[in-house]
Amino acid sequence: MSSSSIMNPSAREAMDRFKMEAASEVGVSLKQGYNGDLTSKQAGSIGGQMVKKMIESYESSMH
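Residues numbered from 1 in each chain as written. Predicted model: local features only at pLDDT ≥ 70, side-chain atom pairs only at ≥ 80, totals over all residues. Heavy atoms only, no water.

### Points about the side chain of Asn35
Then step 1. Structurally, Asn35 can be placed in the loop between α1 (9–25) and α2 (40–62).
Then step 2. Within polar-contact distance, the side chain of Asn35 engages the backbone oxygen of Lys31 at 2.8 Å. (Helix = DSSP H or I, 4+ residues; strand = E, 2+ residues; numbered from the N terminus. Polar contact = N/O pair within 3.5 Å; in protein donor to acceptor, adjacent residues only side chain to side chain.)

If you want it as structure tokens, here you go:
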């Protein structure tokens, strides 16, 4: 699901912030709006970092 398909505006804003934070952590510069000029490697790095952070959050909530 892309962040543009999220109906709740506050959820969309939170997802966008999360994506920007993950991009910053892997050294990819995102701009507001369309980022179709990213390479597959860059986009994959952002997605991978987001998943890593979600797993870490889930694991820490289990302890």
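### A word on the nonpolar core
Looking at soluble globular proteins, one finds that nonpolar side chains tend to be buried together.
Then step 1. Listed in full, the seven residues of the largest apolar core are Phe18, Ala22, Ala23, Val28, Leu30, Ile46 and Met50.
Then step 2. The set of elements that each furnish at least two residues to this core consists of α1 and α2.
Then step 3. Residue contributions to this core peak at three residues, all from α1.
Then step 4. Contact partners of Leu30, with chain neighbours within four places excluded, come to Lys19, Met20, Ala23, Asn35, Leu38 and Ile46. (Core = buried A, V, L, I, M, F, W, Y, C linked by side-chain atoms within 4.5 Å. Buried < 20%, exposed > 50% of the residue type's maximum accessible area, 1.4 Å probe, protein only. Contact = heavy atoms within 4.5 Å.)

### Considerations on the environment of Gly44
Then step 1. For Gly44, the location among the structural elements is in helix α2.
Then step 2. Classification of Gly44 by relative accessible area gives partly exposed; the value is 44%.
Then step 3. In this structure the C-alpha to C-alpha distance between Gly44 and Glu13, which are 31 residues apart in sequence, comes to 21 Å.

### Topic: the packing of α1 against α2
Then step 1. Across the interface, α1 lies against α2 with an axial gap of 8 Å and an inter-helix angle of 110°. In terms of axis orientation, α1 runs roughly perpendicular to α2. On α2, the residues that touch Met15, Phe18, Lys19, Glu21, Ala22, Ala23 and Glu25 of α1 are Ile46, Gln49, Met50, Lys53 and Met54.
Then step 2. Partitioned by chemical class, the residues of the contact of α1 with α2 number seven nonpolar, one polar and four charged. (Axes fitted to C-alpha atoms, helices over the stretch in contact; angles between N-to-C directions. Parallel < 35°, antiparallel > 145°, perpendicular 65-115°, else oblique. Nonpolar A, V, L, I, M, F, W, Y, C, P; charged D, E, K, R; others polar.)

### Quick notes on the pattern of salt bridges
Then step 1. On inspection of all chains with the given rule, the structure shows four salt bridges.
Then step 2. Where Lys53 meets Glu25, a salt bridge forms, and the shortest distance between an N and an O atom there is 3.1 Å. Of this pair, Lys53 sits in helix α2 while Glu25 sits in helix α1, and the two are 28 residues apart along the sequence.
Then step 3. The network of salt bridges with common partners includes Glu21, Glu25 and Lys53. (Salt bridge = Lys/Arg side-chain N within 4 Å of Asp/Glu carboxyl O.)

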